[in-house]
Amino acid sequence: MAKTGKPGMKGGAKKTAKTVAVAKKPAARVTKKPAAAKKTLVKKSPAKTVVVKKKPAVKPAKKVAAKKTPVVKKTAKKPAAKDMTRYRCKLCGYIYSPMRGEPHNGIPEGTPFDELPESYVCPVCGQQGKGRIGKWGFDEWRPTRYLCSLCNYVYDEKRGEPHRGIRPGTKFDDLPDDYSCPVCAIDPKIRVRFGKVFKHGFEPLNY
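Since the model is a prediction, treat every value here as computed from it, not as a measurement.

On a plain count of helices and strands, the chain comes out with three helices and six strands. When the helices and strands of the chain are listed from N to C terminus, the series reads β-β-α-β-β-β-α-α-β. Here the contacts in the chain between residues at least 6 apart in sequence split such that 47% fall between residues at least 24 apart. Here the chain displays about 18,300 Å² of accessible surface, and carbon together with sulfur accounts for 58% of that area.

Laid out in structure tokens, this is it:
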């Protein structure tokens, strides 16, 4: 029996290609692993070294020695010498002596005549009934001879006391403060009983 072939085919009929169905394996699901978090590499900046500027140590100020100003010692001024001028009453001759004062009338020793109160009156004229003679009735009086109230020694300014270094003409008021009666000083009885008689123990003589 003659092989029939499809027209137009050379050498007969071609074998039909077996279609082999190849069962495709299901594609395995590739589970993508979650992308690991990318480590963000933080570049560590080099630690900044903060330079703390130290304040310069305050040096204690040098104590400057204060210049010592020379201490000027004030010499104590001697109090002005009081006026020891005596005054005599024109009417009765009573003599007011500042060295003696009038303690019985409340006027202490050393009170100058100018410092007497304006109400001052002569203590003798009032007793004699001659009236109230005030300061206006007195004149300046300058004695030259002085009498010791204990031994009656008389100091005469004209004579002085050369044997004690006091020249003639030395006024009684100019005698040193420690001047003492030369007679009483050598008399043991007076010296022991009354002590030395100084200037205040002398009374001016009216002649």
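Next up on the list: the environment of I107. Looking at the element boundaries, I107 is found in the loop between β2 (95-96) and α1 (123-128). Overall, the relative accessible area of 9% leaves I107 in the buried class. It is 9.5 Å that separates the C-alpha atoms of I107 and P117, two residues lying ten residues apart in sequence. Filtering out sequence-adjacent residues up to four positions away, I107 remains in contact with Y96, G101, E102, L116 and Y120.

Let's shift gears to the sheet that holds strand β5 (residues 154-156). Spatial ordering of the open sheet is given by β5-β4-β6, a layout of three strands whose pairing is antiparallel. Whereas interior strands pair on both sides, the edge strands pair on one side only; in this sheet they are β5 and β6 (202-204). Shown here is a sheet whose adjacent strand axes are inclined to one another by a mean of 30 degrees, direction ignored. Note that strand β4 (residues 145-148) and β6 share three bridges and pair antiparallel. Of the residues in β6, the one forming a bridge with L147 is E203.

Once that is clear, we can look at the pattern of salt bridges. Summed over the entire model, instances satisfying the criterion amount to seven salt bridges. Here K135 and E118 are joined by a salt bridge, their closest N and O atoms 4.0 Å apart. Linking K135 in the loop between α1 and β3 (138-141) with E118 in the loop between β2 and α1, this pair joins segments that are 17 residues apart in sequence. In this structure K135 comes out as buried when scored by relative accessible area, which is 17%. Between D156 and R145 there is a salt bridge, with the nearest N and O atoms lying 3.9 Å from each other. Residue D156 is found in strand β5, and its partner R145 is found in strand β4; the two are separated by eleven residues along the sequence. When its relative accessible area of 15% is taken as the criterion, D156 is described as buried. The class for R145 is partly exposed, based on a relative accessible area of 23%.

Formed by 14 residues in total, the largest nonpolar core has its most connected members in C148, Y153, Y155, F172, Y179, C181 and F202. Every residue in contact with C181, bar those within four places of it in the chain, is listed here: C148, C151, Y153, R164, V197 and F202. The next biggest cluster of nonpolar side chains, apart from the first, holds twelve residues, and it includes Y87, Y96, C125 and F138.

About the criteria used
- The numbers attached to residues start from 1 for each chain and follow its sequence in the written order.
- With the structure being a predicted model, the display of local features is reserved for residues of pLDDT at least 70 and the display and counting of side-chain atom pairs for 80 or more, all residues being used for whole-chain, interface and lining totals.
- Processing note: side-chain calculations cover all non-hydrogen atoms of the structure and skip hydrogens and water entirely.
- Helix and strand assignments follow DSSP, with helices taken as H or I runs no shorter than four residues and strands as E runs no shorter than two, numbered in order from the N terminus.
- Contacts are residue-level and defined by heavy atoms, with any inter-residue pair within 4.5 Å sufficient.
- Using the Shrake-Rupley algorithm and a 1.4 Å probe, accessible areas are obtained, with residue cover drawn only from the displayed protein chains.
- Note on classification: 1.4 Å probe, protein chains only; a residue is buried when its accessible area is under 20% of the maximum for its type, exposed when over 50%, partly exposed between these limits.
- Strand pairing follows a simple DSSP-based rule, namely that at least 2 bridges must link the two strands.
- Axis lines are fitted through C-alpha atoms, for helices just across the contact stretch, and the angle between N-to-C directions can take any value from 0 to 180 degrees.
- For salt bridges, the criterion is a side-chain nitrogen of Lys or Arg within 4 Å of an Asp or Glu carboxyl oxygen.
- We define the nonpolar core as a collection of buried residues of types Ala, Val, Leu, Ile, Met, Phe, Trp, Tyr and Cys that are connected through side-chain atoms lying within 4.5 Å of one another.

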